[in-house]
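Listed below, chain by chain, are the residues.
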Amino acid sequence: MIFPRCFVVLSVLWLAAAPLRAQLGVTLTVAEKNYGVSTATTVNKPATIARAFRSAGMAIEAEFVGDHVGRITYRRPAKFSDEEMQQLLDANADLRTWQADADLFNPVRASTGVRAWKRSDRGSATLSRQGEGDTAQDVFVLTDGAFTTANLKLKAAPKPVPVVVTDHTLTWLGYDGTGDTSVARLIFDREDIGVGAKGLATLKERIAALTAKSVVKVVPYYGGPGDNTKRKPPLDLAELRAFAEGKKIVLTVAQGR
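Our subject in this report is the structure included herewith. (Residues numbered from 1 in each chain as written. Predicted model: local features only at pLDDT ≥ 70, side-chain atom pairs only at ≥ 80, totals over all residues. Heavy atoms only, no water.)

**As for the packing of aromatic side chains**
Then, number 1: This structure, assessed with the given rule, holds three aromatic pairs.
Then, number 2: For the pair Phe80 and Phe140, a centre-to-centre distance of 5.7 Å together with 65° between the ring planes defines the contact as edge-to-face. Taken together, the residues span a long stretch of sequence, with Phe80 in the loop between strand E4 (68-76) and helix H3 (82-91) and Phe140 in strand E8 (residues 137-143) at a distance of 60 residues. Neither residue differs from the other here; Phe80 and Phe140 are each classed as buried.
Then, number 3: Both rings, one in Trp117 and one in Phe140, keep their centres 5.7 Å apart while their planes meet at 20°; by these two values the pair is stacked. Pair noted here: Trp117 is in strand E6 (residues 115-119) and Phe140 is in strand E8, with a separation of 23 residues, a long-range link.
Then, number 4: Here the aromatic cluster, defined as three or more aromatic residues joined through ring pairs, consists of Phe80, Trp117 and Phe140.
Then, number 5: The ring of Phe80 is capped by Arg76, whose NZ or CZ atom sits 4.3 Å from the centre of that ring.
Then, number 6: One Lys or Arg, Lys204, reaches over the ring of Phe243 and ends 5.3 Å from the middle of that ring. (Phe/Tyr/Trp six-rings, centres within 6.5 Å; stacked < 30°, edge-to-face > 60°. Helix = DSSP H or I, 4+ residues; strand = E, 2+ residues; numbered from the N terminus. Buried < 20%, exposed > 50% of the residue type's maximum accessible area, 1.4 Å probe, protein only. Lys NZ or Arg CZ within 6 Å of the ring centre and 35° of its normal.)

So, in structure tokens, the structure goes:
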């Protein structure tokens, strides 16, 4: 059967125009009505779901925030004509206006042939040619203002605050550095944790429970200044330091008086 020339031309024009209908803001149901059944694809925040379509030799990816398309990407080997680009912009204006970005202050974009537009609600559109030779494709991306804003907030979200390692203190009471060491009452972070072997066992439990790289400062208290009496701590600091290092804890010892 031979069709009239005008019918063939109109059919070609209809096929070219079909994928270029409005998409920003529509639901998945409407998108599938336009382009057919979709397949799931990679989701990147702030999108909550993403769906891929194929229509008239064009790959289409719609990214949804909630129930509505916030960004849509068209890919095809054939270049978009000026008329098609304008049709896409008009169809996705949503009662807003598009303004072409000047390339005067963006020499990279000017040299690579990327074209860009801004919508009055902070939405955006870009056209670029990606790939080389037989694999080259025109890529047209349209984004609405809500998606842009959500993306900016995502990038501006505060980064996780690093864990601040707090110094801890170990000292003792009831022992002046001479005599019976078993009478010393160990004080860890201002808490009396006991004397003798029981106090030492409790101290090691406390050290083992600390965050890695914590610092325990040993601060002896030996009485008034100016005292030249030779004194020693009530526990084996070398052994305690080795224990702490095994738990990735740093033990420091202040100079006693």
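Having put the structure on the table, let's press on.
**Comments concerning the nonpolar core**
Then, number 1: Tyr74, Phe80, Trp117, Phe140 and Leu142 are the most contacted members of the largest nonpolar core, which has 23 residues in total.
Then, number 2: No other element matches strand E3 (residues 58-65), which puts four residues into this core.
Then, number 3: Beyond its immediate stretch of four places on either side in the chain, Leu142 contacts Leu24, Gly70, Arg71, Ile72, Tyr74, Leu88, Leu89, Asn92, Trp98, Ser124 and Ala125.
Then, number 4: Ranked by size, the runner-up nonpolar core spans 18 residues in total, among them Tyr175, Leu210, Leu240 and Leu251. (Core = buried A, V, L, I, M, F, W, Y, C linked by side-chain atoms within 4.5 Å. Contact = heavy atoms within 4.5 Å.)

**With respect to the sheet that holds strand E7 (residues 124-130)**
Then, number 1: Pairing within the open sheet is antiparallel, and its eight strands lie in the order E1-E2-E3-E4-E8-E7-E6-E5. Sheet topology places strand E1 (39-40) and strand E5 (98-100) at the edges, where each strand pairs with a single neighbour.
Then, number 2: Bridge count for E7 against E8 is seven bridges, and the pairing is antiparallel. For Thr126, the partnering residue across the bridge sits in E8 and is Val141.
Then, number 3: Those strands touched by helix H2 (residues 28-35) are strand E2 (49-55), E3 and E4, and its axis lies near 15° from that of E2.
Then, number 4: Each of E4, E5, E6, E7 and E8 touches H3; the most contacted strand, E8, lies at about 20° to it. (Pairing = 2+ DSSP bridges. Axes fitted to C-alpha atoms, helices over the stretch in contact; angles between N-to-C directions.)

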